Amino acid sequence: MAIKRCADHPPREFDSNIAQTPGLHRVAAVTTANTGATKLWAGAFTVDAQAKTGPHHHGDLETVIYVLNGVARLRWGERLEFEAEAAAVIYLRAAYVPHQEINPSPDLQLQCVLARSGQSGLVYNLDIEGVETPD
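Computed from a predicted structure; not experimentally measured.

As a further point, take unusual backbone geometry. Trans peptide bonds make up most of the peptide bonds, and negative phi angles are found at most residues other than glycine. The backbone of Gln-50 shows a phi angle near 55°, a positive value even though the residue is not glycine. Within the secondary structure layout, Gln-50 lies in the loop between β2 (41-47) and β3 (56-57). The exposure class assigned to Gln-50 is exposed, which follows from its relative accessible area of 61%. Positive phi outside glycine occurs at Tyr-96, with the angle close to 65°. Residue position: Tyr-96 is located in the loop between β7 (89-92) and β8 (99-102).

On the surface, a cluster of nonpolar side chains totalling about 550 Å² of accessible area is made up of Val-64, Tyr-66, Leu-68, Val-89, Tyr-91 and Val-113. Every element with two or more residues in the nonpolar patch is listed here: β4 (63-69) and β7. For the nonpolar patch, the element with the most residues is β4, which contributes 3 residues. Residue placement: Val-113 occurs in strand β9 (residues 110-116).

Parameters and conventions
- Residues numbered from 1 in each chain as written.
- Predicted model: local features only at pLDDT ≥ 70, side-chain atom pairs only at ≥ 80, totals over all residues.
- Heavy atoms only, no water.
- Helix = DSSP H or I, 4+ residues; strand = E, 2+ residues; numbered from the N terminus.
- Buried < 20%, exposed > 50% of the residue type's maximum accessible area, 1.4 Å probe, protein only.
- Patch = residues over 30% accessible without salt bridge, like charges linked within 9 Å, V, L, I, M, F, W, Y side chains within 5 Å.
- Areas by Shrake-Rupley, 256 points an atom, 1.4 Å probe, with all protein chains shown as cover.
- Salt bridge = Lys/Arg side-chain N within 4 Å of Asp/Glu carboxyl O.

Right, dumping it as structure tokens:
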């Protein structure tokens with residue numbers, strides 16, 4: 001069994017040369033390139049205070065997000081018509097569902113770690129306009 005210790009690499013050494021979404025900064029920790037992983041991708045992301053990301057989806061990948069700092073407001077749907085907040089764990093299973101992360105805090109950066117069920121289709125940025133008031 002091969003074991004790769006990612007703890008040997010602090011976050012500043014994680015790979016930021018990956019697909020990005022406006023308003024969100026992603027870094028990769030576990031990828032095929034740096035660990036040999038083939039069925040799992042893991043990393044972290046931040047969203048600045050009072051910022052929101054551009055709409056995007058992650059293909060058919062499942063995603064688990066763990067909120068380290070702040071509260072994540074998530075909007076989703078074809079017109080970003082639904083909204084919820086989480087301060088702990090978010091599980092995204094719906095394939096190809098457009099969504100965006102929002103940081104409602106006036107002064108705290110939203111910081112999260114995440115894991116995905118694969119290496120391809122990590123992000124597809126979308127050009128859609130959300131509804132004015134989500135459900």
